[in-house]
Amino acid sequence: MKTFSRLFNRRLLLAAGLGLLAFAAAAQDFRIGFVNTDRIFREANLAKAAQTKLEQEFSRREKEVQGLAAQLKTASEKFERESPTLPDAQRAARQRQLVEQDRDFQRKQREFQEDLNLRKNEELQSVLERANRVIKQVAEAEKYDLVIQEAVYINPKHDITDKVLSGLNGGK
């Protein structure tokens, strides 16, 4: 409940702050820009290169995990078919073997996912840092007073994402 309360309070403060900014903008020439970070992560060449790098880096391990999953499925199906005719001791031994195989699969899958997420976060952080530098350049060059990256609604005339993408991708 505390997390919801904190989130609500932060959003309420953000809304109040934006309301004050809108009021100030009406009182004077106040420029606001908006950048869609989801688009940056999807469309920037740097982000695409990072995605390709991650795919290459993790493809072998992903295939290994998929191979383990297929082996486990095959072994489980075979056990289900043969189980009724197996002696109790053999059935128990095969069951233990399946449990151990499943545990190994779960561990390797979890380690793979954790490593992938860690590397993905590192790569996205690098893209975000570069994007923030370009956002600052665009804001200073075009005299924006405020640039936001998250909003419930934004008038498209304030969206500077294309300019940031152009800067990131080497265009002007």
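Just above, that's the structure.
**Thoughts on the nonpolar core**
Note that soluble globular proteins tend to have their nonpolar side chains buried in a common cluster. By size, the foremost hydrophobic cluster in this structure holds 15 residues, and its most contacted members are Val-35, Ile-40, Ala-44, Val-134, Ile-160, Val-164 and Leu-168. When near neighbours in sequence (up to four residues on either side) are disregarded, Val-164 contacts Val-35, Ile-40, Ala-131, Val-134 and Ile-135. In this structure, Leu-54, Phe-58, Leu-98 and Leu-116 belong to the second largest nonpolar core, which totals 10 residues.

**Observations concerning the packing of helix H4 (residues 88–141) against helix H5 (residues 161–168)**
At a closest axis distance of 9 Å, the pairing of H4 and H5 adopts a crossing angle of 120 degrees. Two packed elements cross with a definite hand, and for H4 against H5 that hand is right-handed. Contact with H4, carried on its side by Arg-130, Ala-131, Val-134, Ile-135 and Val-138, involves Lys-163, Val-164, Gly-167 and Leu-168 of H5 and no other residues of that element.

**Focus: the packing of aromatic side chains**
Following the criterion strictly, the structure yields 1 aromatic pair and no others. Ring centres of Phe-58 and Phe-112 lie 6.0 Å apart, and the angle between their planes is 75 degrees; this geometry places the pair in the edge-to-face category. With Phe-58 in helix H3 (residues 45–82) and Phe-112 in helix H4, this residue pair connects regions lying 54 residues apart in the sequence. Grouping residues by exposure puts Phe-58 and Phe-112 together as buried. One residue, Arg-31, lies across the ring of Tyr-144, its end atom 4.2 Å from the ring centre.

**Some points on the pattern of salt bridges**
Here the structure, examined in full by the defined rule, presents 16 salt bridges. Linking Arg-39 and Glu-43 is a salt bridge whose minimum nitrogen-to-oxygen distance equals 3.1 Å. In this pair, Arg-39 and Glu-43 both sit in helix H2 (residues 37–43), 4 residues apart, roughly one turn of the helix. Overall, the relative accessible area of 30% leaves Glu-43 in the partly exposed class. The salt bridge involving Asp-104 is made with Arg-107; its shortest N-O contact spans 2.5 Å. Placement of the pair is Asp-104 and Arg-107 together in helix H4, with a separation of 3 residues, close to one helical turn. The partly exposed category is assigned to Asp-104, whose relative accessible area is 23%. Using a relative accessible area of 33% as the deciding quantity, one classes Arg-107 as partly exposed. It is possible to trace a salt-bridge network through shared partners that takes in Lys-53, Glu-57, Arg-119, Glu-122 and Glu-123.

Rules used throughout
Residues numbered from 1 in each chain as written. Predicted model: local features only at pLDDT ≥ 70, side-chain atom pairs only at ≥ 80, totals over all residues. Heavy atoms only, no water. Core = buried A, V, L, I, M, F, W, Y, C linked by side-chain atoms within 4.5 Å. Buried < 20%, exposed > 50% of the residue type's maximum accessible area, 1.4 Å probe, protein only. Contact = heavy atoms within 4.5 Å. Axes fitted to C-alpha atoms, helices over the stretch in contact; angles between N-to-C directions. Helix = DSSP H or I, 4+ residues; strand = E, 2+ residues; numbered from the N terminus. Left-handed = near helix turned anticlockwise from the far one by under 90°. Phe/Tyr/Trp six-rings, centres within 6.5 Å; stacked < 30°, edge-to-face > 60°. Lys NZ or Arg CZ within 6 Å of the ring centre and 35° of its normal. Salt bridge = Lys/Arg side-chain N within 4 Å of Asp/Glu carboxyl O.

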